[in-house]
Each structure stands twice: as C-alpha cells, then as structure tokens.
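# Coordinates in review
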Amino acid sequence: MNERMLLEDGLKQLSLSFSPQSVEKLLRFSDLLLEKNRVMNLTAVTDPTEVVTRHFLDCAVLAPYLPAGQTVLDVGTGAGFPGVPLAILCPDTVFTLLDAQRKRVDFLQETIAALGLSNCTAVHARAEEFAKAHRAAFDVAVSRAVAELRVLCELTLPMVRVGGAFYAMKAADCMDEVGSAAHAFAVLGAPAAELLHYTVPHAGVERTMVRLQKLEDTPDRYPRRFKKIQTDPL
Ligand SMILES: C[S@@+](CC[C@H](N)C(=O)[O-])C[C@H]1O[C@@H](n2cnc3c(N)ncnc32)[C@H](O)[C@@H]1O
C-alpha cells in the first residue's frame, strides 16, 4: 500500500469520517515536514510511510474526543503533533499549538499558511508563561512526548476550564507514571485518570491515552517556575 492508501485505510479502521481534502492536506503536510526536516531537526521519522503510521494515525486517535466548536491547546507541539493532523481532521474545532522553540513555531506558521488551516494558530511561548494570561481558557488540552505526567499536568491543567479535559498521549506501559502522578492530578483539579488503550493502525504499536477531566479550579500558585516544577514535581 502507498502512503495515501495506508492513511485512508487507517482512518477508516479508526472509524473516522474524513474528506478527500483532508487526505490531500495530510499528505502535503508530510511533504513539508520531510522537506524541512532535511535542514532542521523536526522529527526522527524520515520515511513517508512512518509519517503516516507513527505520526498521523497515532494522532488521529484523538479526533473523536474534540467536538466542533471546542478550543484545543496542544502543549509542546514540536513539529505539529498531535495538533496539525487533528486540525486537518477536525476543521470545526479551534486549535492553538504551543511550543518553546522559535524555529519549530516558524515552521508551523509557514505550514498553517501553506495548508490554509483557518482553525489553527501556532504560538511561540513556554507553557508555564503562557498560562499566566490563559488560565482556564481552553476546553481541552492535548500533549504528546513532552514531559512526565507530574510535570506535564502542572504545565497544562491550569489552562483547561472546569468541565474540560486533558488528553496525554503516552506509551502503553505508563501505569507507574500514572500512579506517581496521582497527587498532582488531585492538587491540580483533575483527580481521576482514565486510561484508554489503543493500537495504532498499520503501525502495530500499542499506546495509552490518559484522560483527565478537570473537576475543580487549579489553585492560583500553579504552574510554578519551570525549574521548581522540574526539581520538585508535585
Ligand atoms: C520531543 S518534542 C515532542 C513534539 C511533539 N509533541 C511530538 O509528539 O512529536 C517536545 C517539544 O516540547 C516542547 N516543550 C518542552 N517544554 C515546553 C514548555 N514548558 N512549554 C512549551 N513547549 C515545551 C519542546 O520545545 C519540544 O518541541
């Protein structure tokens, strides 16, 4: 199967509805990513087939959890994962992609313009700084491969509104990490973690989504300064 067939078949296996335009945009994003990856470090994945499986189909698993009209923050989006594939697959959901690395955000801004993604904005900022002006400002936060859960939750949950949710994309064997973060979940206002296990189509990779529903406001003292978050995690 070529990349287009893998992508379409994988999206069907995930029971996702998608337009021909979405497939075109995803394949164009893959081209832009791999082209830019030759001159700057965006992803360890260099094979177009693996861009489809390890990036696009992995990220697509989140699409059913992001209803139209909701605002979604992708914390530590890097080269745009999971945010860009989700913005393509959920055109009526509004995405903010956040990253601390200027060059990655520049790439994302160019990509968003090239793909005509009117529901997506890339912002250069550190999450703990961005949180000061964006407390409880988003319906949903998502994040993949950024930090361990205790750290990640302090960076992210303050920006989710009560009644919203945070989805952390993790490896299949993240139970110890989830167990260690129980105190952080409770302190930050999202006490009950729910684990959603899945297999990425055509990659055969087992993964876990950690869903945290925000039930209470996060106390104003969080997030702390990054050094404190790292050296003294909740
Ligand atoms: C390993 S990359 C993962 C990128 C992407 N989420 C993915 O799954 O491919 C981690 C990214 O998180 C960003 N990052 C780490 N700490 C951050 C923070 N406090 N605020 C914003 N971005 C952060 C880094 O700049 C980097 O681009």
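Residues numbered from 1 in each chain as written. Predicted model: local features only at pLDDT ≥ 70, side-chain atom pairs only at ≥ 80, totals over all residues. Heavy atoms only, no water.

Bringing the site of the ligand into the picture now. Taken together, 16 residues form the shell around the ligand, and within it Gly76, Phe81, Asp99, Arg104 and Arg144 come nearest. Alanine 100 has a polar backbone atom sitting 3.2 Å from a nitrogen atom of the ligand. Measuring from an oxygen atom of the ligand, one finds a side-chain N or O atom of arginine 104 at 2.7 Å. Isolated, the ligand exposes 600 Å² of accessible area, and the fraction of that covered by the protein chains is 80%. (Near = heavy atom within 4 Å. Polar contact = N/O pair within 3.5 Å; in protein donor to acceptor, adjacent residues only side chain to side chain. Areas by Shrake-Rupley, 256 points an atom, 1.4 Å probe, with all protein chains shown as cover.)

Moving on: the sheet that holds strand S3 (residues 120-124). Taking strand neighbours across the sheet as the criterion, the seven strands line up as S3-S2-S1-S4-S5-S7-S6 in an open arrangement whose pairing is mixed. Only two strands of the sheet have a single partner each, and these edge strands are S3 and strand S6 (193-200). With strand direction ignored, the average angle separating the axes of adjacent strands in the sheet is 20°. As paired elements, strand S1 (residues 71-75) and strand S2 (residues 94-99) share five bridges and run parallel to each other. Paired with valine 75 across the two strands is leucine 98, which belongs to S2. (Pairing = 2+ DSSP bridges. Helix = DSSP H or I, 4+ residues; strand = E, 2+ residues; numbered from the N terminus. Axes fitted to C-alpha atoms, helices over the stretch in contact; angles between N-to-C directions.)

Let us now look at the packing of helix H1 (residues 3-13) against helix H2 (residues 20-36). Interaxial distance between H1 and H2 falls to 11 Å at its minimum, and their mutual angle equals 125°. It follows from the interaxial angle that H1 and H2 lie oblique. Relative to H2, H1 is oriented so that their crossing is right-handed. Contacts between H1 and H2 involve Glu3, Arg4, Leu7 and Glu8 from the first element and Val23, Glu24, Leu26 and Leu27 from the second. For the contact of H1 with H2, the residue count by class is four nonpolar, no polar and four charged. (Parallel < 35°, antiparallel > 145°, perpendicular 65-115°, else oblique. Left-handed = near helix turned anticlockwise from the far one by under 90°. Contact = heavy atoms within 4.5 Å. Nonpolar A, V, L, I, M, F, W, Y, C, P; charged D, E, K, R; others polar.)

Within strand S4 (residues 138-144), seven of the seven residues are buried, leaving the element largely enclosed by the surrounding structure. Examined bridge by bridge, S1 and S4 share three bridges and lie parallel to one another. Note that in S4 the partner of leucine 73 across the bridge is alanine 141. Bridge analysis of S4 against strand S5 (residues 160-171) gives six bridges, and the strand direction is parallel. Bridging from a neighbouring strand, alanine 141 pairs with phenylalanine 166 of S5. (Buried < 20%, exposed > 50% of the residue type's maximum accessible area, 1.4 Å probe, protein only.)

Time to look at the side chain of aspartate 74. Tracing the backbone through its elements, the reader meets aspartate 74 in strand S1. Nearest to the buried, unbridged aspartate 74 among oppositely charged side chains is arginine 144, at 8.1 Å. A polar contact is formed between the side chain of aspartate 74 and the side chain of threonine 77, at a distance of 2.7 Å. Those residues in contact with aspartate 74, other than ones at most four positions away along the chain, are Gly80, Phe81, Pro82, Gly83, Thr96, Leu97, Leu98, Val142 and Ser143. (Lys, Arg positive; Asp, Glu negative; His and termini not counted. Salt bridge = Lys/Arg side-chain N within 4 Å of Asp/Glu carboxyl O.)

As annotated by UniProt and renumbered to match this structure, "binding site: S-adenosyl-L-methionine" (unreviewed entry) occupies Gly76, Phe81, Ala127, Glu128 and Arg144. By secondary structure assignment, the location of alanine 127 is in helix H6 (residues 127-133). Looking at alanine 127, the relative accessible area reads 8%, which means it is buried. Apart from the residues lying within four places of it in its own chain, the contact partners of alanine 127 are Val75, Leu98, Leu155 and Met159. Position of arginine 144 relative to the elements: it lies in strand S4. Of the residues examined, arginine 144 reaches a relative accessible area of 13% and is grouped as buried. Only 3.2 Å separates the side chain of arginine 144 from the backbone oxygen of arginine 54, close enough to count as a polar contact. (UniProt positions renumbered as here; feature names shortened; annotations may be inferred.)

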